[in-house]
Amino acid sequence: MPRIIRLPDTLATWPYPRRINPFYAALKIESSAWLESFNAFSLKAQKAFNRCDFNLLASLAYPTAPRHHLRTGMDLMNLFFVFDEYTDQGTAEDVRDLADIVMNALHYPAMPRPRGENIVGEIMRQFWERAKMTATPSAAHRFVETFALYTNSVVEQALDREHSVIRTVDAYLSIRRDTIGAKPSFALLEFDMNLPTDVIEHPTMVSLINTTIDLLILGNDLCSYNVEQARGDDGHNIITVVMVQFKLDLDAVLDWISQFHDSLVAQFLMHARDIPSWGPVLDPQVGLYIDGLGNWVRANDCWSFESERYFGKAGLKIQKHRCLTLLDKI
Ligand SMILES: CC(C)=CCC/C(C)=C/CC/C(C)=C/COP(=O)(O)OP(=O)(O)O
Ligand SMILES: [Mg+2]
Ligand SMILES: [Mg+2]
Ligand SMILES: [Mg+2]
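Residues numbered from 1 in each chain as written. Chains lettered and ligands numbered in written order. Predicted model: local features only at pLDDT ≥ 70, side-chain atom pairs only at ≥ 80, totals over all residues. Heavy atoms only, no water.

Peer 1: Quick rundown of unusual backbone geometry? Include the residues and the values.
Peer 2: Residues other than glycine seldom take positive phi values, yet Asn39 does so here, at roughly 50°. By secondary structure assignment, the location of Asn39 is in the loop between helix H1 (24–36) and helix H2 (43–51). Despite not being glycine, Arg322 has its phi angle at roughly 70°, a positive value. Residue position: Arg322 is located in the loop between helix H15 (315–321) and strand E2 (323–325). (Helix = DSSP H or I, 4+ residues; strand = E, 2+ residues; numbered from the N terminus.)

Peer 1: So what's going on with the coordination of the magnesium ion (ligand 4)? Which residues, and what values?
Peer 2: Those protein atoms acting as donors to the magnesium ion (ligand 4) are Asn220 (OD1), Ser224 (OG) and Glu228 (OE), and they sit at 2.1 to 2.2 Å. Sequence spacing of the donors to the magnesium ion (ligand 4): N-x3-S-x3-E. The metal-metal distance between the magnesium ion (ligand 4) and the magnesium ion (ligand 3) comes to 4.8 Å. Here Ser224 and its partner Glu228 are both found in helix H11 (residues 203–230), four residues apart, which amounts to about one turn of the helix. (Donors = N, O, S within 2.8 Å, 3.2 Å for Na, K, Ca; no water.)

Peer 1: Go over the packing of helix H5 (residues 92–107) against helix H7 (residues 137–162), please, and point to the residues and values.
Peer 2: A pair of packed helices is captured by two measures, namely the crossing angle of their axes and the spacing between those axes. Between H5 and H7, the shortest axis-to-axis distance is 9 Å and the interhelical angle comes to 175°. Here H7 runs roughly antiparallel to H5, going by the angle between their axes. Two secondary-structure elements touch here, H5 through Ala92, Val95, Arg96, Ala99, Val102, Met103, Leu106 and His107 and H7 through Phe143, Val144, Phe147, Ala148, Thr151, Asn152, Val154, Val155, Ala158, Leu159, Arg161 and Glu162. Grouping the constituent residues of the contact of H5 with H7 by class yields 14 nonpolar, three polar and three charged. (Axes fitted to C-alpha atoms, helices over the stretch in contact; angles between N-to-C directions. Parallel < 35°, antiparallel > 145°, perpendicular 65-115°, else oblique. Contact = heavy atoms within 4.5 Å. Nonpolar A, V, L, I, M, F, W, Y, C, P; charged D, E, K, R; others polar.)

Peer 1: Account for the environment of Tyr310, naming residues and giving values.
Peer 2: By the secondary structure assignment, Tyr310 is in the loop between helix H14 (282–306) and H15. Residue Tyr310 is classed as buried on the basis of its relative accessible area, which comes to 8%. When the C-alpha positions of Tyr310 and Met270 are compared, they lie 31 Å apart, and in sequence the two are 40 residues distant. If we ignore the near neighbours within four places in the chain, the residues touching Tyr310 are Phe81, Asn220, Cys223, Ser224, Val227, Trp303 and Ser304. (Buried < 20%, exposed > 50% of the residue type's maximum accessible area, 1.4 Å probe, protein only.)

Okay, here's the thing in structure tokens:
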């Protein structure tokens, strides 16, 4: 019996509209050629990778970025998803080795990578050698710091997978806020800014950032659940987490998530309103940064349906009618 589920229309009232960077088409060619030059995948896997159009995700996420920053955004999204493909399977030990390689390349981008090393080291090295030249020191520092949180959390995720651990909602969100990769992605929003740590670590800003990340988590977990459950990798997905903790069936879980999402939207708007003033120099930058957060939520949602990563060629239809048939387990 096929099971049909209905995705909640989560962003119906989200005030940030879809926007796309005008350099999308031109830079997609450059970033894709760069990524393909590493031969990170078999021909078939590379074709599947290209159908996901991670360049589109970057172009929606950084719609006003100048050319060089969009290139950085595209390269980062491509790099992230190479790492994701390499680490969604595999033991915690394998994932730890890969995490160490990319962090080493991030810390020493001028050093040649050792012969025979996994290619992800050279991808990261080249990425950061180019990108770090274009970032203010504060943003570059934030990027390196938060990328370490990302790689470490993906190792934790692999440990959970190895031991078949299903976390509680709170424990899941606490790891997922790092495995989703949003913090380094947000660092790109400040590549031209001098946002002091006091601003980024102000309690209201921290709450706003975490709320944004939770919205991205729900967005990705809803859209990628079908493919993740089919390949048995849904232990790290809010749907499974809620189902197990509250002993609910799938339809009830989707209602629960829909309500949680609505409360996050209200929280986002409240925190955005309550952000204090830091004076005439910083306020315009803080305003653009907050717009960047809100826009990221729309970008992720649009890309999830417009690319072929989660719904193949049916994405735009599913975006409208919201119904999908659960895939058989692989
Ligand atoms: C891969 C990564 C960390 C991307 C960072 C950029 C970013 C914030 C993307 C939006 C959400 C997303 C697709 C997260 C990956 O989750 P997942 O690992 O469940 O990815 P999947 O559902 O596409 O496999
Ligand atoms: Mg993953
Ligand atoms: Mg994944
Ligand atoms: Mg996912």
